[in-house]
Amino acid sequence: MIIAMTLPPHSRNLRIGRVSEIGRGYLVTTITRDRLPLFADLHLARLAIRELRVCDEAGLCSTLAFVLMPDHLHWLLQLTDAALPDLLRRFKSLSGGAINRSRGTPGRAVWQGGFHDQGMRDEADLQHIARYIVANPVRAGLVNSVRQYSHWDAVWL
């Protein structure tokens, strides 16, 4: 006998066993298509960061910290009025459209499908995680100090 399981919409975008909860903090990582280092370009990086801000302004989430690396994004956020898969879909669509308009490459995929998420259990860990996130450019050898890297922000720092 075969038993079919009905999965929630977009469940394939969340890590197995995860649910998207309003009010919970999440660390999300998503990468560019083929790990293309698009965000080595200051203008393209600023377009993507602008769309993070748009998600905040729309009331979908509250960004706690982020770092936009040349080929990926680490985003620590708290959901306020969106399911995590819907938020990521909106961000990727808006940022991809803005980047493609700027590059003259309409319809080209900017982001790989899916994302990696980690639900935060303890708010006390959020500041520690934010520090870890914004130090990524230093660990990657892109800069010697986070002050030398312009594509990050954190509410605590």
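Keep in mind the model is a prediction, meaning the values are calculated, not measured.

Report on the overall build of the protein chain, specifying residues and quantitative values.
Of regular secondary structure, the protein chain possesses four helices and five strands. Listed N to C, the secondary structure of the protein chain is β-α-β-β-α-β-α-α-β in terms of helices and strands. The 157 residues of the protein chain split such that 44% are buried. Long-range contacts, defined here as pairs at least 24 residues apart, represent 68% of the contacts in the protein chain between residues at least 6 apart. For the protein chain, the accessible surface area stands at approximately 8,900 Å², while carbon and sulfur atoms represent 52% of it.

Can you explain the side chain of T105? Please cite residues and give values.
Residue position: T105 is located in the loop between α2 (84–103) and β4 (116–119). Judged by its relative accessible area of 13%, T105 is buried. Of note is the side chain of T105, whose polar atom sits 2.8 Å from the side chain of N100.

Break down the sheet that holds strand β5 (residues 152–154) for me, with residues and values.
Overall, antiparallel pairing links the five strands, which are arranged β4-β1-β3-β2-β5 in an open sheet. With partners counted over all chains shown, the strands left at the sheet margins are β4 and β5, one partner each. Within the sheet, the average angular offset between the axes of one strand and its neighbour, ignoring direction, is 25 degrees. The sheet strands contacting helix α3 (residues 125–134) are β1 (25–31), β2 (61–68), β3 (72–79) and β5, and the helix crosses β2 at an angle near 35 degrees.

Before we move on, can you summarise α3 with the specific residues and values?
Of all the positions in α3, only L126, I129, A130, I133 and V134 are classed as buried. Buried positions in α3, seen along its axis, are confined to an arc of 125 degrees and lie on one side of it. Opposite the packed face of α3, turned more than 90 degrees from it, sit the exposed residues H128 and Y132. Buried positions along α3 lie against β1, β2, β3, α4 (136–139) and β5.

Parameters at a glance
Residues numbered from 1 in each chain as written. Predicted model: local features only at pLDDT ≥ 70, side-chain atom pairs only at ≥ 80, totals over all residues. Heavy atoms only, no water. Helix = DSSP H or I, 4+ residues; strand = E, 2+ residues; numbered from the N terminus. Buried < 20%, exposed > 50% of the residue type's maximum accessible area, 1.4 Å probe, protein only. Contact = heavy atoms within 4.5 Å. Areas by Shrake-Rupley, 256 points an atom, 1.4 Å probe, with all protein chains shown as cover. Polar contact = N/O pair within 3.5 Å; in protein donor to acceptor, adjacent residues only side chain to side chain. Pairing = 2+ DSSP bridges. Axes fitted to C-alpha atoms, helices over the stretch in contact; angles between N-to-C directions. Arc of directions from axis to C-beta.

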